[in-house]
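Single-letter residue listing:
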Amino acid sequence: GLIAPKTLITAEEFAFFLTDRGPYIATEAGVQALGTKIESAFDDAEMDHLPNAVAVHHKARREIWIFFPENTETTNTVGYCFNYRLQAWSGPWDMGDTFDVCSAAQLERDDQTESVILGGYDGLVREGDVVAVGAKHDVLRDGTGGTAITMEVELPTLLFGDPTAIKRLSPTQHIAADLKTAGALSVTF
């Protein structure tokens, strides 16, 4: 079953997720393993910290990016990319030289092109498609520095007194905010 909740994502007509045996996809027809070609990477993964793995769907590239801890690491130090049109893996991306990824989300730029943003354990947010990763889009946790990124955040339904519990209720709640460079967002339910 699912070992890392932040890897459960949807892409086109399937769901992607990570188990203790590697990555899988689920469709109406069933569940299928995807990790055959990169099995050794998941065999070397740090199992105690594998639940912290994250994945994101890069719509423009038709790819799933996944980041997880390898060997004895406690942070997501390695990344792999699965191109679902080509049914091919690329990687590993050694994140240790640049930054370790603790969160990831889809990004739609002002010109309607798609990308992803990656949050690091260092407190910085970077756009995934910037050649010099983080060169222009770093923002500290306290909101200072870098260039603000307009985004839409989709939150789970917050009911029953437990925001961490997964619920399946309609309709989905959306919040859109343009915080500019000195903005702050406060949401009350």
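These lines cover the structure that appears in this document, whether it is placed above or below. (Residues numbered from 1 in each chain as written. Predicted model: local features only at pLDDT ≥ 70, side-chain atom pairs only at ≥ 80, totals over all residues. Heavy atoms only, no water.)

### Overview of the sheet that holds strand S2 (residues 14–19)
Stated formally: Two strands pair if DSSP finds at least two bridges between them. In this text, helices come from DSSP runs of H or I with a minimum length of four residues, and strands from runs of E with a minimum of two, each type numbered from the N-terminal end. Every axis in this analysis is a line fitted to C-alpha atoms, fitted for helices over the stretch in contact. Angles between the N-to-C directions lie between 0 and 180 degrees.
Reading across from one edge, S1-S2-S3-S4 is the order of the 4 strands in this open sheet, with antiparallel pairing throughout. Across the chains shown, the open sheet's two edge strands, defined by having one partner strand only, are strand S1 (9–11) and strand S4 (30–33). Between one strand and the next, the sheet's axes are offset by a mean angle of 30°, whatever the strand orientation. Two strands pair when backbone bridges link them, and strand S3 (residues 22–27) and S4 are joined in this way by 4 bridges, in the antiparallel orientation. Pairing of Ala26 across the sheet is with Val31, part of S4.

### Here's the deal with the nonpolar core
What tends to happen in soluble globular proteins is that the nonpolar side chains get buried as a cluster. Which entries qualify depends on this criterion: The set of buried Ala, Val, Leu, Ile, Met, Phe, Trp, Tyr and Cys residues whose side-chain atoms join them within 4.5 Å is what this entry labels a nonpolar core. Accessibility here uses a 1.4 Å probe with only protein chains present; expressed as a share of the type maximum, an area under 20% marks a residue as buried, one over 50% as exposed, and anything in between as partly exposed. Whether two residues are in contact is decided by their heavy atoms, any of which lying within 4.5 Å being enough.
Ranked by size, the top nonpolar core spans 23 residues in total, and within it Phe16, Leu18, Ile64, Ile66, Phe68, Tyr80 and Trp89 carry the most contacts. For this core, the secondary-structure elements that each account for two or more residues are S1, S2, helix H1 (39–43), strand S6 (63–68) and strand S7 (78–83). If near-sequence neighbours (up to four positions away) are discounted, Ile66 is found in contact with Thr7, Phe16, Leu18, Phe42, Val54, Ala55, Val78, Gly79, Tyr80 and Trp89. If you look at the next biggest cluster of nonpolar residues, it comprises 10 residues, including Val56, Trp65, Phe67 and Phe99.

### Things to note about the sheet that holds strand S5 (residues 54–58)
One open sheet holds the 4 strands; their spatial order is S5-S6-S7-S8, and the pairing between them is antiparallel. Of all strands in the sheet, those bounded by a partner on one side alone are S5 and strand S8 (88–94). Averaged over neighbouring strand pairs, the angle between their axes works out to 20° when direction is ignored. Bridging between S6 and S7 involves 6 bridges; their strand directions are antiparallel. In the strand pairing of S7, Phe67 is matched with Gly79.

### Notes on the environment of Phe67
Residue placement: Phe67 occurs in strand S6. Overall, the relative accessible area of 0% leaves Phe67 in the buried class. Each C-alpha atom, one on Phe67 and one on Asn52, is 8.9 Å from the other, the two residues being 15 residues apart in sequence. Excluding residues that lie within four positions of it along the chain, Phe67 makes contacts with Ala53, Val54, Asn76, Val78, Gly79, Trp93, Met95, Val101 and Leu118.

### Quick look at the pairing of S8
In this sheet, S8 lies alongside S7 in antiparallel orientation, the contact comprising 5 bridges. Among the inter-strand pairings, Gly79 is bridged to a residue of S8, identified as Trp93. Counting the residues in the hairpin turn of S7 and S8 gives 4 residues, including Gln87, whose phi is positive at 55°.

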